[in-house]
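Here are the chains, one letter per residue:
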Amino acid sequence: MLRQQDVGHRIVVRRIVGIREGRPQFSDALGELVELSETHLTLATAKGQLRVPVAQVHRAKRVPPTRRPTAAAVVALERAADEAWPAPTRGRLGDWLLRSAEGWTGRANSALPIGDPDRPLAAAVDAVERWYAELGQPALINTPLPLAAPVGAELDARGWSTRPPTLVQTAPLTLLASPPTPGPAGEWGGAVVELATTPSDEWLAIAAGRKGGLPDAARHVLTAVEQVRFAHVYAHGALVAVGRATVTGQGRWLGLSLIEVQPAARRQGLAGRVIHELASWGVSCGATHAFLQVEQRNTAAVTLYQRLGLVTHHTYLTRVAPN
């Protein structure tokens, strides 16, 4: 039988769906285990979430994960993510991207080493260090794994440090756009989700609190995307939750970011409602898949996203040059 350590992994479940002529009838389901309790287990399957009472489970076990995404798939998603979080100051080394946004967030202030830098690897890293030194910033490089493993080996040899891993998670957009499970009834039950093309001052204040300030470059990162929406959730006249979504990657990818619920309103299903509304907007734009980036150590967020059906596409490490 399954255990809590199986949550987040791919499993197969054989369940009893009826009795015919005195014999049980079975149906198999394959997907990622997103929740396991004493009474139910929940899978994220290709057709949506499936909640199975434990009493109906005949057999369940973990199975090997699907194949790793191709290098081309990782490159395409990383480029879509870059479009969704556009740094105002940019440069190139062949195919590599150089990005700066006054130090606001690692994603917007790091090199993205995908493709050919048009020079030997060591010379490319030298050039990255010079580019950031001229801006007066520490040199950062985001290394998608396993695609950028050779870059990581070069940085290891130079003594670059490593920040905690970040998970790039994805899901079919129709899964996230399906009606969310209602949260507990309470004072936030009447909260209304509103989508806007620009963030309100209150929205920006919440973002600044989460990200440690909001320089001018941050406003560019947040708003300089052609297709973007900002979710505002109001209750009792106050803004209690926010979120942001973009459509990039030639219209395929809905990028979710800054999903934030104020402390007093947490655990009421508001984050799920924000994601549902943004996903529904993405579907109306013709997007087919969603992605987000979350630190692996942020267990509360990772658990929420697993429950909604997001799975890890690949991982990246932010590498920091020695002083």
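For the structure, check the block above.
Model, not experiment: these values are computed from the prediction.

In this section: the side chain of R319. Summarising the element assignment, R319 is placed in strand β16 (residues 311-320). On the basis of relative accessibility, which here comes to 3%, the residue R319 falls in the buried class. Among the polar contacts made by the side chain of R319, one reaches the main-chain carbonyl oxygen of W160 at a distance of 2.9 Å. Among the polar contacts listed, one links the side chain of R319 to the side chain of T162, at a separation of 3.0 Å.

Time to look at the pattern of salt bridges. In the structure shown here, the tally under the stated rule is 10 salt bridges. R99 is the partner of D82 in a salt bridge, and the nearest nitrogen-oxygen pair spans 3.1 Å. Taken together, the residues span a long stretch of sequence, with D82 in helix α1 (residues 71-84) and R99 in strand β7 (residues 96-100) at a distance of 17 residues. For the pair formed by D82 and R99, the shared burial category is buried. The salt bridge involving E295 is made with R297; its shortest N-O contact spans 2.6 Å. Classification of E295 by relative accessible area gives partly exposed; the value is 31%. Relative accessible area serves as the criterion here: at 58%, R297 is assigned to the exposed category. Through salt bridges with shared partners, a single network forms among D126, E129, E154 and R158.

Turning our attention to the pairing of strand β8 (residues 140-145). The buried count for β8 comes to five of six residues, which makes it a mostly enclosed element. Sheet topology places β8 next to β16; six bridges connect them, and they run antiparallel. Note that in β16 the partner of I141 across the bridge is R319.

Within the largest apolar cluster, 37 residues are counted, with the highest numbers of intra-cluster contacts made by L176, V233, L254, L256, L270 and Y305. Sorting the residues of this core by element identifies β10 (166-172), α4 (173-177), β12 (228-235), β13 (238-248), β14 (253-261), α7 (270-284), β15 (289-295) and α8 (299-308) as the ones contributing at least two each. The dominant element in this core, judged by the number of residues it contributes, is α7, at seven residues. One finds A87, A108, L204 and A218 within the second-largest nonpolar core, a separate group that totals 19 residues.

Criteria and thresholds
- Residues numbered from 1 in each chain as written.
- Predicted model: local features only at pLDDT ≥ 70, side-chain atom pairs only at ≥ 80, totals over all residues.
- Heavy atoms only, no water.
- Helix = DSSP H or I, 4+ residues; strand = E, 2+ residues; numbered from the N terminus.
- Buried < 20%, exposed > 50% of the residue type's maximum accessible area, 1.4 Å probe, protein only.
- Polar contact = N/O pair within 3.5 Å; in protein donor to acceptor, adjacent residues only side chain to side chain.
- Salt bridge = Lys/Arg side-chain N within 4 Å of Asp/Glu carboxyl O.
- Pairing = 2+ DSSP bridges.
- Core = buried A, V, L, I, M, F, W, Y, C linked by side-chain atoms within 4.5 Å.

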